[in-house]
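# Geometric and topological summary
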Amino acid sequence: MQLVNKAKSMVSDIFTYWKTPPAGKYVPYRGIFGYSVGGIGAYMIITLGTACLLSANNTLLTMTLGVDPTHTYIMYVIAVLANIPLTGIRANIIDNTRNKAGKYRPYILSMALPTALICLTMVYFPYNMLNELSFLQGNIFGQTKAYVAKCAIIMVLNLLLHFFHYFFYDAYENLIHVLSPDSQERANVSSVKSVVYSLAPTLTNLFTPLIAENLFHTNSTDIRVYRLLYPILTILGFLLCIVVYKNTEEKIVQARTHIVQIKFTDALRAVAKNKYFWIISLAGWVGFLESSYANVLSWLYNYGGACDGNEYALITTVYGNASLWGMLLAPFAIKKWGKKAVLIVTNLFNILFILLLLPSCQDITKATIWLVMCCLWFNALMGSFAHILNPAIQADIRDYQQYKTGERIDGMFSAVATIGTVITLLTSSVLPFVYQQNGVTKEKAIQVTSDPTILSRLLGDGKTTVGEMLANQLANGQDNYSNASSALYDPDILL
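The sections below set out a description of the structure shown in this document. (Residues numbered from 1 in each chain as written. Predicted model: local features only at pLDDT ≥ 70, side-chain atom pairs only at ≥ 80, totals over all residues. Heavy atoms only, no water.)

## Quick notes on the overall build of the protein
Each helix and strand counted, the protein has 25 helices and two strands in total. Per-residue burial for the protein yields a buried fraction of 51% across its 495 residues. For the protein, restricting intrachain contacts to residue pairs at least 6 apart in sequence, the fraction spanning at least 24 positions comes to 79%. Just so you have it, the protein exposes about 22,300 Å², and 66% of that area is on carbon and sulfur atoms. (Helix = DSSP H or I, 4+ residues; strand = E, 2+ residues; numbered from the N terminus. Buried < 20%, exposed > 50% of the residue type's maximum accessible area, 1.4 Å probe, protein only. Contact = heavy atoms within 4.5 Å. Areas by Shrake-Rupley, 256 points an atom, 1.4 Å probe, with all protein chains shown as cover.)

This is the structure in structure tokens:
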């Protein structure tokens, strides 16, 4: 009866406080609904952008589009350096936005659409046709002209994506900073939002291998999977972004006549004094490791044949479920132990569970991928606390800066944070070196995909061989025989 009464009370509160927040609160239930449920759509767009953005370990570019890991890193360096002035431009636009809708809400819609369209262009561009153009015959810079042209197209699309994607990401994520001036309420709303929006990447990770296995009888390196999935995510994502815009209200809206008057050096000093900023930044500077070891699951499925697409869909769903519990527990942990203690302890546990991966990857069996998933599950559980901690801490930093100077400089803090990108570039340079030293190269891939023993090896479904997989992809215009990542079909290289 107590549970029934509590449920009735919650339903009653939703109706009572739908448009007007409870006493002492700032965000009505309508705002929480819009920010969280609409956030599913926002994260559909963010998932697209993240998959297409250049990084040292981007699997879409290397495994599907066939860009060499070393060349991916070179383009990543160019894109990140180009993004530094772009970040300053975005910061200036945000800090000087004088719109009655606020400083973030106007960009929820205006930046979502171009972000998605750029991602669609990246997966739909007919790269294979570049080989047929007469002026792209021959070699240049030690590579075929068609390959260099493909890299150039991806580079241009990424420069555009760096502006629009990060503008959209900042607009959605930073919206929580201005929905409420109360730190604990922001943490609570962030927890609800994070639990709900996590449905977007969870569903994406679920349907990607299911589509590959059951519609195209291939794996998730096949470009056709993304050409089917991305338009669906674009349409649903944009429609739900409208829900965010319509149902949220910024509580900090500056007058049109107000001009921000604070120097970049002043903002730099303010951030430099905040210990939370350095803890969060340090995690980001070595964040390339986070996505690198998470790729092990994908490699075991796509190249190791440790499971079929249906089983991999289950594995990624279970793995994604780990974040749910961390995001639910985060507000209570913050309230009991404080942000600093929770942040430090969860990062220490992250290191422990990463180290446990080493004894789990000694051989490729049906159990291997489940052992790896267990390590990653506990790591994701600890890492998910950051989804609540980071926006809560970032909001506190901005509040304190406004208290000290009288200026609200949300955008400038993002610009200051780009200083750490140089460190990120240096740490990320480890990956292409490791890949090359361990045989993930174009030359080795050609050797591997010409080996009859490897071509006859059965993949996870127990029916399709590596040779049949590659031939099927080639018949549909995707040549993965010379893709550097295809070297991972050799179990000795994969392990």
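## Remarks on the packing of aromatic side chains
Enumeration over the complete set of coordinates arrives at 16 aromatic pairs. Arranged with centres 6.2 Å apart and planes meeting at 20°, the rings of Phe-349 and Phe-353 form a pair that is stacked. You can see Phe-349 and its partner Phe-353 sitting in helix 16 (residues 339–355), four residues apart, about one turn around the helix. Among the residues examined, Phe-349 registers a relative accessible area of 38% and is labelled partly exposed. Of the aromatic side chains, those joined through ring pairs into one cluster are Tyr-35, Tyr-43, Tyr-172 and Tyr-197. (Phe/Tyr/Trp six-rings, centres within 6.5 Å; stacked < 30°, edge-to-face > 60°.)

## Some points on the side chain of Glu-173
Take Glu-173: it is sitting in helix 7 (residues 145–173). Side chain to side chain, Glu-173 and Tyr-43 meet in a polar contact 2.5 Å long. Not counting residues up to four positions away in its chain, the partners in contact with Glu-173 are Tyr-35, Tyr-43, Lys-193 and Tyr-197. (Polar contact = N/O pair within 3.5 Å; in protein donor to acceptor, adjacent residues only side chain to side chain.)

## Quick word on the packing of helix 2 (residues 29–52) against helix 7
Here helix 2 crosses helix 7 at 160°, and the two axes come no closer than 10 Å. In this view, helix 2 runs roughly antiparallel relative to helix 7, as classed from their interaxial angle. Classified by chirality, the crossing of helix 7 by helix 2 is left-handed. Where helix 2 approaches helix 7, its residues Tyr-35, Gly-39, Ala-42, Tyr-43, Ile-45, Ile-46, Gly-49, Thr-50 and Cys-52 are matched on the opposing element by Asn-158, Leu-161, His-165, Phe-168, Tyr-169, Tyr-172 and Glu-173. In terms of residue class, the contact of helix 2 with helix 7 is made up of ten nonpolar, five polar and one charged. (Axes fitted to C-alpha atoms, helices over the stretch in contact; angles between N-to-C directions. Parallel < 35°, antiparallel > 145°, perpendicular 65-115°, else oblique. Left-handed = near helix turned anticlockwise from the far one by under 90°. Nonpolar A, V, L, I, M, F, W, Y, C, P; charged D, E, K, R; others polar.)

## What to know about empty space enclosed by the protein
Evaluated as defined, the whole model comprises three cavities of 30 Å³ or more. Considering only enclosed or pocket space, the largest cavity measures out at about 100 Å³ in volume. Around the largest cavity sit 14 residues that line it, and Glu-213, Thr-218, Asn-219, Leu-459 and Met-469 are the ones nearest its centre. Residues that form the lining of the largest cavity fall into these classes: four nonpolar, seven polar and three charged. (1 Å grid on protein atoms, 1.4 Å probe; cavity = no way out; pocket = protein on both sides within 12 Å on 5 of 7 lines; lining within 4 Å. Points joined across faces, edges and corners; volume = space filled by probe spheres on them.)

## Describing the packing of helix 2 against helix 9 (residues 183–197)
The N-to-C vectors of helix 2 and helix 9 enclose an angle of 35°; their axes lie 8 Å apart at closest approach. Helix-helix and strand crossings are classified by hand; for helix 2 and helix 9 the assignment is right-handed. Only Val-189, Val-192, Lys-193, Val-196 and Tyr-197 of helix 9 make contact with helix 2, whose side of the interface consists of Ile-32, Tyr-35, Ser-36, Val-37, Gly-39, Ile-40 and Tyr-43. The class makeup of the residues in the contact of helix 2 with helix 9 is nine nonpolar, two polar and one charged.

## Quick look at a nonpolar patch on the surface
Taken together, the side chains of Ile-344, Leu-348, Ile-351, Leu-355 and Leu-358 define a hydrophobic patch exposed on the protein surface, amounting to about 500 Å² of accessible area. Tracing the backbone shows Leu-348 in helix 16. Leu-348 sits in the exposed class, given a relative accessible area of 54%. (Patch = residues over 30% accessible without salt bridge, like charges linked within 9 Å, V, L, I, M, F, W, Y side chains within 5 Å. Salt bridge = Lys/Arg side-chain N within 4 Å of Asp/Glu carboxyl O.)

## Section: the nonpolar core
Among the nonpolar cores identified, the biggest contains 110 residues, and Phe-168, Tyr-172, Tyr-230, Leu-297, Ile-369 and Tyr-489 are the most heavily contacted of them. With sequence-adjacent residues up to four places away left out, Tyr-172 is seen in contact with Tyr-35, Gly-39, Ala-42, Tyr-43, Ile-46, Ile-108, Lys-193, Tyr-197 and Val-244. (Core = buried A, V, L, I, M, F, W, Y, C linked by side-chain atoms within 4.5 Å.)

## Quick notes on the pattern of salt bridges
Scanning the entire structure with this criterion turns up two salt bridges. The salt bridge involving Glu-173 is made with Lys-193; its shortest N-O contact spans 3.2 Å. Within this pair, whereas Glu-173 is found in helix 7, its partner Lys-193 is found in helix 9, the two being separated by 20 residues in sequence. Across the pair, Lys-193 and Glu-173 agree in class, each one buried. Across the pair Arg-224 and Asp-222 runs a salt bridge whose closest N-O atoms are separated by 2.9 Å. Both residues of the pair, Arg-224 and Asp-222, belong to the buried class.

## Brief notes about unusual backbone geometry
Both trends apply: most residues other than glycine have a negative phi, and most peptide bonds are in trans. In this structure, Phe-141 takes a positive phi of about 55° despite not being glycine. Residue position: Phe-141 is located in the loop between strand 1 (139–140) and strand 2 (143–144). Residue Phe-141 is classed as exposed on the basis of its relative accessible area, which comes to 72%. Here the phi dihedral of His-217 falls at roughly 50°; this positive angle occurs in a residue that is not glycine. Topologically, His-217 is positioned in the loop between helix 10 (199–214) and helix 11 (223–247).

On their own, these measurements won't tell you what the molecule is for.
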